[in-house]
Amino acid sequence: MTVTVPVPLGARSYDIRIGEGLLPRAGAEIAPLLRRRRLAVVTEATVAAQHLPALEAALAAARIEAPTLVLDAGEGTKSWPVLERTVEWLIAAQVNRDDLVLAFGGGVIGDLAGFAAAILRRGVGLVQMPTTLLAQVDSSVGGKTGINSPQGKNLVGAFHQPRLVLADTALLGTLSPRDFRAGYAEVAKYGLLGDAGFFVWLEANASALAAGDPDARLHAVRRSCEMKAAIVVRDETEQGERALLNLGHTFGHALEAATHYSDRLLHGEAVAIGCALAFDLSARLGLCPQEAPSRVAAHFAAMGMRHRLADIPGPLPDAPGLVALMGQDKKVRDSRLAFVLARDIGDAFVARDVDLAMVERLLAEALAARAG
Ligand SMILES: NC(=O)c1ccc[n+]([C@@H]2O[C@H](COP(=O)([O-])OP(=O)(O)OC[C@H]3O[C@@H](n4cnc5c(N)ncnc54)[C@H](O)[C@@H]3O)[C@@H](O)[C@H]2O)c1
């Protein structure tokens, strides 16, 4: 079964199509958007090894010519040198204003190819075919594209909405369990930030989701996309409400910086730990019921996810060091740290005047638990 989640953004409106078996139908799905039977595919080596032949067959079946650039897998690809290489390759491949770029990969490829499409000839069309759970529920939707700077993550980029998102949930079957769990953190985040009923559903069904149940996967990706789409439609360029999607990210980005964006801690793992810390902080501030943080931690533990500082291997900075890293996060406004906190599971809000001494105490205790 395939479901469609519309993203109504006026002239930039598009559909998110979700379901098993969309990859073999990709040519037919994309053809109506093409002015000529040609598009440029940007992908990476791991995805290409597993799934590029199926994409090529699908495009060939619709008589779509598809020059393809296969980049290295990994976060290092979201960089200036690879962006330059990609844009120059797209120019050499004679991609015109009327053509489309097809981003076929996880969040790394979606962000990089999306940004290349945004700046090529002042903007060419983009189709996102997300291949990771994280990309299907988060990064392929909403139009944020970009690369990392040597000075920090996602510091260079543009809003560039795709013309179509095709999320074939069957592709999740080849993800490593670790990458699947990291993406699952973003799924759980939607329940935690705005839909308590969805979180209850996840508590009951997430193990089926992890085991590969197609209906559970479809429902989880669909509900996540519906929530992201609704927020993006109300606040496309993150002037307000869209910041709720950053639940767990202020802590998470500090932890990613502390582990040098390495394999020690994946983005989704940092988000899970960050969500757990955000609920701990909310409970300490008397904002949410005391049992909420334990419920979050119990669910993450049941899913085998990293959810405590103790789960991060290797050395970490001390609590003031971590707070300083939060200060470098791009979500700093007027020298104040923005935290997404919660009144309960499913009821998050943006807080701008959080007592940083309290944050530091929380982190110091979490670090001490790690040492002990
Ligand atoms: N633009 C946004 O709104 C947004 C939102 C969240 C995250 N992000 C960005 O997304 C990136 C993380 O995304 P990600 O977790 O998808 O990372 P990723 O693209 O690096 O993919 C994770 C791993 O899975 C592999 N992989 C991808 N698809 C596969 C498949 N179907 N089968 C087997 N292996 C597969 C990749 O090769 C890689 O090793 C970060 O750079 C983050 O900043 C962007």
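Quantities reported herein were computed from a predicted structural model and do not represent experimental measurements. (Residues numbered from 1 in each chain as written. Predicted model: local features only at pLDDT ≥ 70, side-chain atom pairs only at ≥ 80, totals over all residues. Heavy atoms only, no water.)

Student: So what exactly am I meant to see when it comes to the packing of helix H6 (residues 177-194) against helix H8 (residues 214-234) here?
Tutor: A pair of packed helices is captured by two measures, namely the crossing angle of their axes and the spacing between those axes. In the contact formed by H6 and H8, the axes pass within 10 Å of each other and the chain directions differ by 55°. The angle between H6 and H8 places the two elements in the oblique class. Here H6 and H8 pass one another in a crossing that is left-handed. Contact with H6, carried on its side by Phe 180, Val 187, Tyr 190, Leu 193 and Gly 194, involves Arg 217, Ala 220, Ser 224, Met 227, Lys 228 and Ile 231 of H8 and no other residues of that element. For the contact of H6 with H8, a count of residues per class yields seven nonpolar, two polar and two charged. (Axes fitted to C-alpha atoms, helices over the stretch in contact; angles between N-to-C directions. Helix = DSSP H or I, 4+ residues; strand = E, 2+ residues; numbered from the N terminus. Parallel < 35°, antiparallel > 145°, perpendicular 65-115°, else oblique. Left-handed = near helix turned anticlockwise from the far one by under 90°. Contact = heavy atoms within 4.5 Å. Nonpolar A, V, L, I, M, F, W, Y, C, P; charged D, E, K, R; others polar.)

Student: Would you take a moment to explain the pairing of strand S4 (residues 68-71) for this structure?
Tutor: Side chains of S4 alternate between two faces, with Leu 69 and Leu 71 buried and Thr 68 and Val 70 left unburied. Pairing analysis gives four bridges linking strand S3 (residues 39-44) to S4, with the strands arranged parallel. Note that in S4 the partner of Val 42 across the bridge is Leu 69. Between the parallel elements S3 and S4, the chain passes through helix H2 (residues 45-61) in a crossover that is right-handed. (Buried < 20%, exposed > 50% of the residue type's maximum accessible area, 1.4 Å probe, protein only. Pairing = 2+ DSSP bridges. Right-handed = clockwise from strand over helix to strand, strands pointing away.)

Student: Quick question: what am I supposed to make of the pairing of strand S2 (residues 14-19) here?
Tutor: Side-chain positions along a regular strand alternate between the two faces of the sheet. Of all six residues that make up S2, five are buried, and the element is covered over most of its length. Note: strand S1 (residues 2-7) against S2, six bridges, orientation antiparallel. Considered in S2, the bridge of Val 3 is made with Ile 18. As defined by bridge partners, S2 adjoins strand S9 (residues 164-168) across five bridges and the pair is classed as parallel. Its bridge partner being in S9, Asp 15 is matched across the sheet by Leu 164.

Student: Just to check I follow, could you spell out the nonpolar core for this structure?
Tutor: Proteins that are soluble and globular tend to have nonpolar side chains buried together. Formed by 85 residues in total, the largest nonpolar core has its most connected members in Tyr 184, Phe 251 and Leu 363. Counting residues per element, this core draws most heavily on helix H10 (residues 267-284), which supplies 10 residues. If sequence neighbours within four positions are ignored, Leu 363 has contacts with Phe 251, Leu 277, Leu 309, Ala 319, Leu 322, Val 323 and Met 326. (Core = buried A, V, L, I, M, F, W, Y, C linked by side-chain atoms within 4.5 Å.)

Student: Can you help me understand the packing of aromatic side chains in this one?
Tutor: Think of a pair of aromatic rings as described by two things: how far the centres are apart, and how the planes are tilted against each other in angle. A complete count under the given rule lists two aromatic pairs for this structure. Ring geometry for Phe 198 and Trp 201: centres 6.1 Å apart, planes at 15°, overall stacked. With a gap of three residues between them, Phe 198 and Trp 201 both fall in helix H7 (residues 196-211), about one helical turn apart. In this structure Trp 201 comes out as partly exposed when scored by relative accessible area, which is 24%. When the ring centre of Tyr 190 is taken as reference, the NZ or CZ atom of Lys 189 above it lies at 5.3 Å. (Phe/Tyr/Trp six-rings, centres within 6.5 Å; stacked < 30°, edge-to-face > 60°. Lys NZ or Arg CZ within 6 Å of the ring centre and 35° of its normal.)

Student: How should I be thinking about the side chain of His 51 in this particular structure?
Tutor: Its location among the elements puts His 51 in helix H2. For His 51, the residues in contact, after removing those within four places along its chain, are Leu 23, Phe 104, Leu 171 and Thr 174.

Student: Can you help me understand the site of the ligand in this one?
Tutor: Within the structure, the ligand sits among 25 residues, and Glu 44, Gly 107, Thr 131, Thr 132 and Thr 174 are positioned closest to it. The contact in question runs from an oxygen atom of the ligand to an N or O atom on the side chain of Thr 46, over 3.4 Å. Contact between the ligand and Asn 154: an oxygen atom at 3.4 Å from a side-chain N or O atom of the residue. Protein contact buries 87% of the 870 Å² of open area that the ligand shows by itself. Elements supplying a minimum of two residues to the shell around the ligand: H2, helix H4 (107-119), helix H5 (133-139) and strand S8 (152-159). For the shell around the ligand, the per-class residue count stands at six nonpolar, 10 polar and nine charged. (Near = heavy atom within 4 Å. Polar contact = N/O pair within 3.5 Å; in protein donor to acceptor, adjacent residues only side chain to side chain. Areas by Shrake-Rupley, 256 points an atom, 1.4 Å probe, with all protein chains shown as cover.)

Student: Before we go on, may I ask you to explain H2 in this structure?
Tutor: Structurally, the α-helix is built with 3.6 residues per turn, so residues lying three or four positions apart point the same way. The end-to-end C-alpha distance of H2 is 23 Å, a good match for the 24 Å that 17 residues give at a rise of 1.5 Å each. A maximum bend of about 65° is found in H2 at His 51, where proline Pro 53 lies one to four positions downstream. Along H2, the positions that sit buried rather than exposed are Val 47, Ala 48, His 51, Leu 52, Leu 55, Ala 58 and Leu 59. Each element contacted by the buried residues of H2 is listed here: helix H1 (26-30), S3, S4, strand S5 (100-105) and strand S6 (125-130). Taking the backbone nitrogen of Thr 46 as reference, a side-chain oxygen 2.9 Å away marks Glu 44 as the first, capping residue of H2. One or two steps after H2, the chain reaches Arg 63, where phi turns positive at roughly 55°. (Expected span 1.5 Å × (residues − 1). Bend = angle between axes of the 7 residues up to and from the residue.)

All quantities given are derived from atomic positions and should not be read as evidence of function.
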